[in-house]
Structures are given as C-alpha cells and as structure tokens.
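Close look at the chain arrangement
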Amino acid sequence: MSDNLETCKNCENQYEQGFKFCPHCGQKTNDELTIGVLFYNTISNYFSFDARFLKSFLPLMFKPGYLAKRFVNGQRLMYLHPAQMYLFVSVIFFFLSSFTIANWEKGANEINERIANTPLEVNEKDNVVVEIDSTQRKEIIKTLDKSKDALGIDEVDIKQVDSLIQAENGNQLIDWDFDKKKIDSLINSGAKDEVIYKELGMSDDAGYFEKGIYKGVVNMAKGTGLGNALRRAFDAVPISMFILLPLFALMLKILYFKRGRYSHHLVFTFYLFSFLFTLFALLMAIDRFLFEIPGWISLLIVLSTFFYFYVALLKFYERHWFTTFLKSFVITFMFSIMVMISTVSLFFFGMINS
C-alpha cells in the first residue's frame, strides 16, 4: 500500500498516486519548474481578474445595486469581489488624481508666493502690512480663479476677495500680525526654525500642535505652505477612506437595522464607492487626455450620483420609494458633513506637518 503513496512537497502529507493536485493543499503534483509552471498562476489569475472586472463594469455603472444584491444572495464568482473591486478602482482613481493635485498644488504655491513676496510698508500704527498694487491684485485673482476647485471657492468668493483687495483707494493693507520684515530677514539669513518660531511668539513649552501651527506660518511666509498642505492632505485621503467607508456602512446599518448584517451593508458600500471612483476617474481621464469637459456637464454628472445612490438603495433594500428618498437624503447629508470635517482636518494636519 505504501508503494502507491506519494508525499506532497508543499504540505508533506501523503496521497495516492494518480492525483494531479494534492488533495490536502491543492498544489500541482508535477512540480517540475518550467516557464509555463512559473507563470501559470500569475497569468491565469490575471485573466480571471480581468474577465470578472469586465463582467462587473457595465452592471456597476448602469445597474445601481445589482452587484451588491447578487453578491449578498450568494452569486459571488461571476463578478469581481466588492473589496477587490474597490481597491482596484481606487488605485486608478488616486493615480489619475495625482496629476490634478499637482496642478492644484502649483496654483496654491503661486498664490502663497505672491502674497509672501508682496512689498512691505509701515502704517501710521507701526504695524507691518502688505501693500498689493493693481498688477499684483490681478495676478492673485487670476491664480485664485485657476485654483478655485482646489481651494473650494466659487466666482462669488473670488469677486468678494477682489473687492476687499481694491478697498481703501485701490490698496488693501493686510496685517500679518507679526514683524514680517524681520521674519523674512531671519529666513533669508538661514536662521534655524526654532529661532523663527520664538520670534513669532511660540511659548517655551510648546507642544506638537503649537509647533506645527508655527511651522505652517513659517512655510506660508516662505511661500510654500499652501501647496505642501494640499499635497499632504491628498496623500492622507486613501487612509481616511478606510475610516469613512465603514462609517458609511454603519449609517446604512442604523437606518436599515432589520435588512441584513453589517457585512451586507459593507458590500453595498464597497460597490457604491467603486462606482463613484470609477466615474470620477473616467471624468479626469477624459478631461486630461481627450478633451476638456465643460464645468456645467461635470456638475450635472456629479449631481446625478445622488440619483444613482437613491436607485441603488431602492434595488438593494427593496423599501418604499419615499422612505428610501428620505434615508438617502439623510445619509448624503451626514456623510457630506463627515467628508467636510475630514477634509478640513487633513488640510490642517497638512499645514502643521508641511
């Protein structure tokens, strides 16, 4: 009997001759290392992934809630796994976003540099102020307009800024609240940051956050604080999403308490955000590599995502259309607040760590 047994080189368990794969661990019994064997798993897994992604793409984009419903009901091999889908799409999304963020970072640094390098004068109260002439005003407004999406402002905000700058006979004196001329002198002389912080008024026993705030002020004075903060905030977004996504699923669980386990709501969340990231990635790719999409079209597409979310809730949870609308509004409102808090927090930490 022992002559008919072979030992698996992977798990070291015995099995009868004639098996093509070990019944214990699944490794192929003919383990002769050839080029085909070396790349078999990689190639087969890749094309399996590719085929499932293609089968999942159209339902994901045009049949809200369909994939989540099928997955929860047990049909889990035909389509791409929700977590795998999210990870794959998010990598593409953040890769394309990096080009946009680079432009925003450049615009933010231009604004910061123009403000930091404006000429100084002393007013009647002996306060150091910045005088911005008409040419500089136009350049600042132009840069603001180019970077308005990154800074979260609109045309009305830009006009208000322009009006403020033009106040007092065309010149607005902006108070830095510290001796900027002396700070600039210390920066140009290569003084240590600690010396500059002390000149700004940092306390002797300053903690991490206080030091970070003063560091952000110095970087602003150097003309690079805004751009660096924007870049660091963007770099932290993928990590923050791993916190926001479970919170989104938790809101679904609270509002649909009797409609499945928390894992079911998490499946819905993964597919929903896969759709959002795919849509935004397509918009960025078209806008960057094919043609510029008009702003009003982009806005309509973004607003249509609420309708997608509403239909997805209807299909997945199968509740009344009116209560579903109310719940979709509540979830969107609450999650928007969380995103705003997260964005402000990321930018703040970007400033103090830039």
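Attention in this report is confined to the structure presented alongside it. (Residues numbered from 1 in each chain as written. Predicted model: local features only at pLDDT ≥ 70, side-chain atom pairs only at ≥ 80, totals over all residues. Heavy atoms only, no water.)

Right, let's talk about the overall build of the chain for a bit. Looking only at helices and strands, one finds 14 helices and five strands in the chain. Taking the intrachain contacts of the chain between residues at least 6 apart in sequence as the baseline, contacts between residues at least 24 apart amount to 64%. Split by element, the accessible area of the chain, about 21,800 Å² in all, is 62% carbon and sulfur. (Helix = DSSP H or I, 4+ residues; strand = E, 2+ residues; numbered from the N terminus. Contact = heavy atoms within 4.5 Å. Areas by Shrake-Rupley, 256 points an atom, 1.4 Å probe, with all protein chains shown as cover.)

With that out of the way, let us pick up empty space enclosed by the protein. In this structure the tally under the stated criterion is one cavity of 30 Å³ or more. Computed from the structure, the largest cavity encloses a volume of approximately 70 Å³. In terms of lining, the largest cavity is formed by Pro59, Leu60, Lys63, Gly65, Tyr66, Leu67, Ala68, Phe268, Tyr271, Leu272, Tyr308 and Ala312. Secondary structure elements with two or more residues in the lining of the largest cavity: helix 1 (35–62), helix 2 (66–72), helix 12 (262–289) and helix 13 (295–317). (1 Å grid on protein atoms, 1.4 Å probe; cavity = no way out; pocket = protein on both sides within 12 Å on 5 of 7 lines; lining within 4 Å. Points joined across faces, edges and corners; volume = space filled by probe spheres on them.)

If you walk through the whole model with that rule in mind, you get one salt bridge. The salt bridge involving Glu318 is made with Lys69; its shortest N-O contact spans 3.4 Å. Of the two residues, Glu318 sits in the loop between helix 13 and helix 14 (321–352) while Lys69 sits in helix 2, which places them 249 residues apart along the sequence. (Salt bridge = Lys/Arg side-chain N within 4 Å of Asp/Glu carboxyl O.)

With that out of the way, let us pick up the packing of aromatic side chains. A full pass over the atoms with the stated rule returns 23 aromatic pairs. Ring geometry for Phe248 and Phe273: centres 5.2 Å apart, planes at 90°, overall edge-to-face. A residue pair is termed long-range when its members are at least 10 positions apart, and Phe248 in helix 11 (residues 237–255) and Phe273 in helix 12 qualify at 25 residues. No difference in accessibility class separates Phe248 from Phe273, as the two residues are buried. The structure contains a cluster of three or more aromatic residues connected by ring pairs, namely Phe248, Tyr256, Phe268, Phe273, Phe309, Phe316, Tyr317 and Phe335. Geometry around Phe316 places Lys69 over its ring, the cationic atom sitting 6.0 Å from the centre. One residue, Arg76, lies across the ring of Phe71, its end atom 5.1 Å from the ring centre. (Phe/Tyr/Trp six-rings, centres within 6.5 Å; stacked < 30°, edge-to-face > 60°. Buried < 20%, exposed > 50% of the residue type's maximum accessible area, 1.4 Å probe, protein only. Lys NZ or Arg CZ within 6 Å of the ring centre and 35° of its normal.)

Okay, the packing of helix 12 against helix 13 next. Where helix 12 meets helix 13, the axes come as close as 11 Å, and the angle between the chain directions of the two elements is 155°. In terms of axis orientation, helix 12 runs roughly antiparallel to helix 13. The way helix 12 lies across helix 13 gives a crossing that is right-handed. For the pair helix 12 and helix 13, the contacting residues are His264, His265, Phe268, Leu272, Phe275, Leu276, Leu279, Phe280 and Leu283 in the first and Ile301, Val302, Thr305, Tyr308, Phe309, Ala312, Leu313, Phe316 and Tyr317 in the second. Here the residues of the contact of helix 12 with helix 13 sort into 15 nonpolar, three polar and no charged. (Axes fitted to C-alpha atoms, helices over the stretch in contact; angles between N-to-C directions. Parallel < 35°, antiparallel > 145°, perpendicular 65-115°, else oblique. Left-handed = near helix turned anticlockwise from the far one by under 90°. Nonpolar A, V, L, I, M, F, W, Y, C, P; charged D, E, K, R; others polar.)

These figures capture arrangement, not role.
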